[in-house]
Amino acid sequence: MKKFDKERALLAVAGPVIALAVAFALSAIVLLASGKNPVEPFALMFEQATFSDVQVLIVNQASMYYIAALAVAIGFRMNLFNIGVDGQYQLGAIMAAVVGAHMNLPAVLQIPLLLLTAVFTGAFWAGIAGVLKVTRGVSEVVATIMLNAIATSLIVYMWKPDVFGVKIGNNSTTGEMHESGWVPGIDMGEAGEIYGLVVLAALLGIGYWIVLNRTRFGFDLRASGASTTAAAASGVDPKRMVLTAMLISGGLAGLAGLPILLGDSHTYNLNFPTGIGFLGIGIALLGRNSPVGIAFAALLWAWLDKASPELDFYGYDKEIAVIMQGLIVLSVVVSYEAVREWGLRRQQRRVGAELAAGHVLGADNNSPKEVAGR
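So, here's what we can say about the structure. (Residues numbered from 1 in each chain as written. Predicted model: local features only at pLDDT ≥ 70, side-chain atom pairs only at ≥ 80, totals over all residues. Heavy atoms only, no water.)

What about the overall build of the protein chain?
Stage number 1. Assigned secondary structure in the protein chain consists of 15 helices and four strands.
Stage number 2. Expressed as a percentage of its 374 residues, the buried residues of the protein chain come to 45%.
Stage number 3. By sequence separation, contacts in the protein chain at least 24 residues apart represent 76% of the contacts at least 6 residues apart. (Helix = DSSP H or I, 4+ residues; strand = E, 2+ residues; numbered from the N terminus. Buried < 20%, exposed > 50% of the residue type's maximum accessible area, 1.4 Å probe, protein only. Contact = heavy atoms within 4.5 Å.)

Section: the nonpolar core
Stage number 1. Counting 98 residues, the largest nonpolar core has Ile94, Leu258, Leu261, Leu262, Tyr268, Ile283 and Ile328 as the members making the most contacts within it.
Stage number 2. Per-element accounting of this core gives the leading share, 15 residues, to helix α3 (residues 52-77).
Stage number 3. Those residues in contact with Leu262 that sit more than four places away from it in its chain are Leu114, Leu115, Met177, Gly181, Trp182, Val183 and Leu197. (Core = buried A, V, L, I, M, F, W, Y, C linked by side-chain atoms within 4.5 Å.)

Considering the pattern of salt bridges
Stage number 1. The final tally for this structure, using the stated rule, is two salt bridges.
Stage number 2. Notably, a salt bridge pairs Lys133 with Glu140, separated by 3.0 Å at the nearest N-O pair.
Stage number 3. A salt bridge links Asp220 to Arg216, with the nearest nitrogen and oxygen atoms 2.9 Å apart. With Asp220 and Arg216 both in helix α8 (residues 216-226) and four residues apart, this pair spans about one turn of that helix. (Salt bridge = Lys/Arg side-chain N within 4 Å of Asp/Glu carboxyl O.)

Topic: the packing of helix α4 (residues 85-102) against helix α12 (residues 276-286)
Stage number 1. Where α4 contacts α12, the two axes come as close as 6 Å, and the packing angle between them is 135°. When the axis of α4 is compared with that of α12, the two are oblique. The handedness of the crossing between α4 and α12 comes out as right-handed. Only Ile276, Gly277 and Phe278 of α12 make contact with α4, whose side of the interface consists of Val85, Asp86 and Tyr89. (Axes fitted to C-alpha atoms, helices over the stretch in contact; angles between N-to-C directions. Parallel < 35°, antiparallel > 145°, perpendicular 65-115°, else oblique. Left-handed = near helix turned anticlockwise from the far one by under 90°.)

Here is the structure:
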């Protein structure tokens, strides 16, 4: 049993390691083909990671990536592809910004109100796709893609001055939130501040692990994702699990933009980060839906984002980081499939060897009379 557990752990680590190695190698080939040094850009980015101010930026960015990836991972566990995390997190952020700008309660009430606003907004938006899937069989991929487009249009509408918009120069905003809704950061001196909601991201990761691995609901979720027919046979309602998984995924997605909203920008404007939901897909894949793996993947993605601008000063295109992110996603898919096939072949060989050994042992234990009787 211990040997089997070690093999499973090895297979779990092998996929991400192979994917990263292949992505780095292919990125180096791209640099070499363009006549650039294939090593120096990576050395420059690694050097950036040693500076405390860049480290703060990486942790802050990773907190948003981490929450978005957890939202995607919940869907993956249920065999659902919630590609609408980006729209859900943007709507959750803008609704929290609007509430924060128009309500001014004591901080002990204001901050929970903003968190709940983001959660319920994201859950509602994802719930539309969930309802369509369980009632009409509409693919959640198609539904969430369409809902992303609708979410973008809704945000533009909410930015109108006669709705919730406040024009500041050429920038469309929702107005500055009341200070009671600001979440104080962790002061790191000259390096800056780490967002206060980084702590929330860590707690969400712990809660994700506990719910999936230590509760009946988590078992039902994983069982339904593995086989809806088997789960239904054991008394689990697959439609209810699909809808519940989409609601939880959307609720988590709604929180993804709050670390920067409540910790830095204090308004939703044209400069608010976009695309975090789509990046969460690659991060969840690289982290194999594990809270620890997702944390490392989020830090890696954030490092690529925050260290790459330095490349411009040395004659390299910072887009090499974007190329690496794309190559990592492609490499993850290929390497995981290769590792899975390798693991299956090893299991088949081991089972075959055990059966052969059992057959020989059984023959050796038979008496001459029993063998003659056959």
